[in-house]
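# Examining the three-dimensional arrangement
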Amino acid sequence: MAEKNIPPEVVSRVAELREQLNYHNYRYYVLDDPMISDAEFDRRMAELTRLEEAYDLARPDSPTQRVGAQPLDKFETVLHRQPMLSLENAFSEAEVFAFDERLKRFLKTTDAFDYVLEPKMDGCAVELVYENGRLTTGSTRGDGFRGENVTQNLKTIHTIPLGLLTAGEPAPELLEVRGEVYMDLPEFKQYNAERLARGEPAFANPRNAAAGSLRQLDPKITAARPLKIYCYGVGEVRGRNFDTHWEVLQTLKQWGLRVNPLIERGRGVEAAIAYHQKLEHKRHDQHHGLPYEIDGMVIKVDPLALQERLGAKSRSPRWALAYKFAATQATTRILAIEVNVGRTGAVTPMAVMEPVEVGGVTVSRATLHNEDEVAKKDVRVGDTVLVQRAGDVIPEVVKVIVEERPPEAQPFQMPGNCPVCDTRLVRPIGEKVTRCPNPDCVASLTRGIQHFAGKSAMDIDGLGEKIVQQLVEVGLVKDVGDLYHLTEGDLIPLERFAAKSARNIVSAIEASREVPLWRLINALGIRYVGEATAQLLARHFPSLEQLMAADQEALLHVEGVGEQVEYSIREFFDNERNQALIKRLQDLGVRGLPPKPQAASSLGGKTFVFTGGLANISRDEAKAMVAARGGKVTSSVSAKTDYVVAGADPGSKLAKAEALGVEIMDEAKFRELLEGKT
Ligand code: IVH
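In this text the structure is predicted, and so the values were computed from the model without any measurement.

### Observations concerning the overall build of the chain
Looking only at helices and strands, one finds 24 helices and 23 strands in the chain. For the chain, the proportion of its 678 residues judged to be buried stands at 46%. Entry remark: accessible area of the chain is about 33,500 Å², with carbon and sulfur atoms responsible for 50%. With 85 positive and 97 negative side-chain charges, the chain shows a separation of 2 Å between the mean positions of the two kinds.

### A few points about the packing of aromatic side chains
For the structure on display, the rule yields 13 aromatic pairs. Here Tyr182 and Tyr230 contribute two aromatic rings whose centre-to-centre distance is 5.4 Å and whose plane-to-plane angle is 15 degrees, an arrangement assigned as stacked. Highlighted residues: Tyr182 in strand E7 (residues 174-183) and Tyr230 in strand E8 (residues 227-238), separated in sequence by 48 residues. The burial state of Tyr182 is the same as that of Tyr230; both residues are buried. A connected cluster of aromatic rings, assembled from ring pairs, spans Phe608, Phe610, Tyr643 and Phe670.

### Observations concerning the pattern of salt bridges
Counting across every chain of the model gives 49 salt bridges. Between Arg238 and Glu236 there is a salt bridge whose closest N-O contact spans 3.2 Å. Its salt-bridge partner being Asp378, residue Arg405 comes within 3.3 Å of it at the nearest N-O pair. On the criterion of sequence distance, the pair formed by Arg405 in the loop between strand E16 (396-400) and strand E17 (434-435) and Asp378 in the loop between helix H11 (371-377) and strand E15 (384-388) is long-range, its members being 27 residues apart. Note on Asp378: relative accessible area 24%, which makes it partly exposed. Three or more residues joined by partner-sharing salt bridges are found here, namely Arg13, Glu16, Glu40, Arg43, Arg44 and Glu47.

### Thoughts on the environment of Glu293
Mapped onto the fold, Glu293 is located in the loop between helix H9 (268-284) and strand E10 (294-301). Classification of Glu293 as partly exposed rests on a relative accessible area of 32%. Once residues within four sequence positions are removed from consideration, Glu293 is found in contact with Met121, Asp122, Leu185 and Pro206.

### Regarding helix H15 (residues 499-511)
Since one α-helical turn is 3.6 residues long, residues separated by three or four positions face the same way. Compared with the 18 Å implied by 1.5 Å per residue over 13 residues, the 18 Å span of H15 between its first and last C-alpha is a close match. Every buried residue of H15 is accounted for by Ala502, Ile505, Val506, Ala508 and Ile509. Viewed along the axis of H15, the buried residues span an arc of 160 degrees, placing them on a single side of the element. With respect to the buried face of H15, the exposed residues turned more than 90 degrees away are Lys500 and Ala511.

### Notes on the site of the ligand
Of all residues adjacent to the ligand, which total 15 residues, the nearest are Glu118, Met121, Glu180, Tyr232 and Lys300. A distance of 2.5 Å is found between an oxygen atom of the ligand and a side-chain nitrogen or oxygen belonging to Glu180. The fraction of the free accessible surface of the ligand (520 Å²) that becomes covered by protein chains is 87%. Sorting the residues of the shell around the ligand by element identifies strand E3 (114-121) and E10 as the ones contributing at least two each. At four residues, the largest contribution of residues to the shell around the ligand is made by E3. In terms of residue class, the shell around the ligand is made up of nine nonpolar, one polar and five charged.

### Things to note about the state of the cysteines
Applying the stated rule across the entire model yields zero disulfides. No disulfide involves Cys124; its sulfur sits 13 Å from the nearest other cysteine sulfur, which is in Cys231. Residue Cys124 is classed as buried on the basis of its relative accessible area, which comes to 13%. According to the relative accessible area criterion, Cys231 is buried, its value standing at 3%.

### Side note on the nonpolar core
Ranked by internal contacts, the top residues of the largest apolar core, which has 55 residues, are Ile460, Leu483, Tyr484 and Leu537. The residues contacting Ile460, other than those within four sequence positions of it, are Phe452, Ala453, Leu483, Tyr484, Ala508, Ile509 and Ser512. Judged by nonpolar contacts, the second largest core, of 35 residues, contains Val116, Leu135, Met183 and Ile263.

### Here's the deal with the side chain of Lys282
Looking at the secondary structure, you find Lys282 in helix H9. Put simply, Lys282 is tucked away with no salt bridge, and the nearest opposite charge, on Asp649, sits 4.3 Å away.

### What about the packing of helix H1 (residues 8-30) against helix H2 (residues 38-54)?
It is the contact of H1 with H2, at a shortest axis distance of 10 Å, that shows an interaxial angle of 145 degrees. The element H1 and its partner H2 pack so that their crossing is left-handed. Between H1, through Val10, Arg13, Val14, Leu17, Arg18, Gln20, Leu21, His24, Asn25 and Tyr28, and H2, the contact on the second element is made entirely by Asp38, Phe41, Arg44, Met45, Glu47, Leu48, Leu51 and Glu52. Across the contact of H1 with H2, the residue classes break down as nine nonpolar, three polar and six charged.

### Observations concerning the sheet that holds strand E23 (residues 663-665)
Across the sheet, which stays open at both edges, the four strands sit in the order E21-E20-E22-E23 with parallel pairing between neighbours. Each end of this open sheet is capped by a strand with a single partner; those strands are strand E21 (632-633) and E23. Relative to strand E22 (residues 643-646), strand E20 (residues 607-611) runs parallel, the two being bridged by four bridges. Considered in E22, the bridge of Val609 is made with Val644. Sheet strands touched by helix H22 (residues 619-628): E20 and E21. Its angle to E20, the strand with the most contacts, is close to 170 degrees.

### Points about the side chain of Thr446
In this fold, Thr446 is placed in helix H12 (residues 442-453). Taking the relative accessible area as the measure of exposure, Thr446 reaches 5% and is therefore buried. Those residues in contact with Thr446 that sit more than four places away from it in its chain are Val468, Gln469 and Val472.

### Quick word on the pairing of E22
Neither face of E22 is open: one carries Tyr643 and Val645, the other Val644 and Ala646, and all of them are buried. Bridge count between E22 and E23: three bridges; the pairing is parallel. Looking at the pairing, Tyr643 lines up with Glu663 of E23. In this fold, E22 hands off to helix H23 (residues 652-660), which returns the chain to E23; that crossover is right-handed.

### Overview of the packing of helix H3 (residues 93-107) against H9
The packing of two helices is summarised by the inter-axis angle and the distance between the axes. Viewed as axis vectors pointing N to C, H3 and H9 meet at an angle of 150 degrees, and their least axial separation amounts to 10 Å. One finds that H3 runs roughly antiparallel with respect to H9. Handedness of the H3/H9 crossing: right-handed. Along its contact with H3, which presents Glu93, Val96, Phe97 and Asp100, the element H9 presents Val269, Glu270, Ile273 and Gln277. Each residue belonging to the contact of H3 with H9 can be placed in one class, and the counts come to four nonpolar, one polar and three charged.

### Concerning unusual backbone geometry
Positioned with a positive phi, Asn132 is a non-glycine residue whose angle comes to about 45 degrees. Phi angles above zero are rare outside glycine, and His369 is one such case at about 65 degrees. Assignment of secondary structure puts His369 in the loop between strand E14 (361-367) and H11.

The rules behind each value
- Residues numbered from 1 in each chain as written.
- Predicted model: local features only at pLDDT ≥ 70, side-chain atom pairs only at ≥ 80, totals over all residues.
- Heavy atoms only, no water.
- Helix = DSSP H or I, 4+ residues; strand = E, 2+ residues; numbered from the N terminus.
- Buried < 20%, exposed > 50% of the residue type's maximum accessible area, 1.4 Å probe, protein only.
- Areas by Shrake-Rupley, 256 points an atom, 1.4 Å probe, with all protein chains shown as cover.
- Lys, Arg positive; Asp, Glu negative; His and termini not counted.
- Charge placed at Lys NZ, Arg CZ, Asp CG, Glu CD.
- Phe/Tyr/Trp six-rings, centres within 6.5 Å; stacked < 30°, edge-to-face > 60°.
- Salt bridge = Lys/Arg side-chain N within 4 Å of Asp/Glu carboxyl O.
- Contact = heavy atoms within 4.5 Å.
- Expected span 1.5 Å × (residues − 1).
- Arc of directions from axis to C-beta.
- Near = heavy atom within 4 Å.
- Polar contact = N/O pair within 3.5 Å; in protein donor to acceptor, adjacent residues only side chain to side chain.
- Nonpolar A, V, L, I, M, F, W, Y, C, P; charged D, E, K, R; others polar.
- Disulfide = S-S within 2.5 Å.
- Core = buried A, V, L, I, M, F, W, Y, C linked by side-chain atoms within 4.5 Å.
- Axes fitted to C-alpha atoms, helices over the stretch in contact; angles between N-to-C directions.
- Left-handed = near helix turned anticlockwise from the far one by under 90°.
- Pairing = 2+ DSSP bridges.
- Right-handed = clockwise from strand over helix to strand, strands pointing away.
- Parallel < 35°, antiparallel > 145°, perpendicular 65-115°, else oblique.

Below is the structure:
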């Protein structure tokens, strides 16, 4: 049916629905802030589909057409109007300074530049062409001059608008947007797991997964892949002028395109270096890290007039630089697989490797976690392996490069006996962890004593690993009780000891005879009872005797104590050795002081909100500490919030707290508040 025969109310309703659906798609996928329910969205989509079918009005840029195009035989080639250049790389501060100097020399200026600082997404570069606000073509970067026409695949990505949201203002005649299509890490992992379950090979990394997904001839396959986009620039633009790159990005964002919220504008090369550090920190943050992979940052001269003057070399613009992170993965060879014995007797296999640089540090050991993990990855001595490091955590073996395995390499076998005390190892059915059951094992004893002396236990200064090891090895300390018998005279003959340090340690041990009860409970090293649980218990049972006498019901009564913890506590106190040790400690004058009376509900009724990363405790632990004092933790700031605890890189909650006049404190202040009243 020709459009002119269609009732005008249908034409206008179709236009209205398309506009609404594009807008609500944007609210949902780009802003992550939907305004209407999914059901309502579906209802309007169904109405539009019905009208388009009835009046033959479907057009490729209609929201009904995101998925549904027919599979292609091959991709057409698209010529980029302006080449999609690549970036020059830098790996050190010195190279970044050199870049900045070069620009100054080129432009004959000594003024600091304004730079736009962006994360460098590790995905697949694409170009989106909008003509009069409508998405007409989408392509891969290809060789920079010509790419593949993957329009129908790109349209399946919900964070790509089919029409620009220029809100009344006319859309530019032509807008070429450049961005990176990527996959978030959790989705990537899930997707790989599904592939493996179907017997398909896993993708090596999210970048390959994104690139592979975009190059599917059948858009239905692409549609099922969890792809997203961040836009970082423009190619040719007609019908709109910009002065700065920052303005370009802000405008793209306004028009409904997704721009990375971490972009910043800063003055001078120092700002760029600081941003790099911040980003690297963020990337490695275990709790608030980025959900996607980045391989560095991009530094771009902000004023477009300067970009123009600087121009480009053959493959990369002079006005931009990629400042990369040191690789966090590397390959090396396994020299040996050792097993370590921990405080609880847990036996952990460790790979000893040829030293290799990973993420800026040299590593020679990586954890293999447990027996099953070694078996699953089939790591063998002699294997070439991929290792990775994330932040400050112990490096781990990602996988074996099986093709490079020497023919004589033998599968790993967990030793039958403890490598330290030769006791037969045990692995209870259903548990992953193998243990040395010998309570006198030097290895577990050493770690147990270190734990006992630790900061959040008895807090005995100066008892580091080497010293404890020595004390255990020479037989001066056979359990933690022996610590309280040590004299200066015992210590001075040992290696590493001067009279002064011996005196300091003895008086630190002396001072630890009286500690808050929770520290003593934590120091005992009961499995599953850490600092936070110890605090909960100390609030409930004002003496160690009362805790020891508590039955199952009484323990389960403590909020935050579940069956596993309850069982482990009773098992610990039922053990005769432990009973004897506690008796001995008590005879030696070791006491756990009950919390001061007001402590029970020192934070009674107070509401806390956490934002940003805490340096010394986990978010979960901090929450437990608040709960232990009768306080409450909520996730969003309101007028009812009493305190906001702000860690590193706090989010918008901080601004909100400031606006509402809520008391804000840092981690140290928070600890004071807790400690002061315990
Ligand atoms: S700007 C002319 N910005 O890095 C400037 N590129 O090595 C060209 N990339 O092909 C690119 N994040 O795929 C730019 N914020 C960002 C980026 C970024 C990732 C990729 C892009 C490009 C490659 C160049």
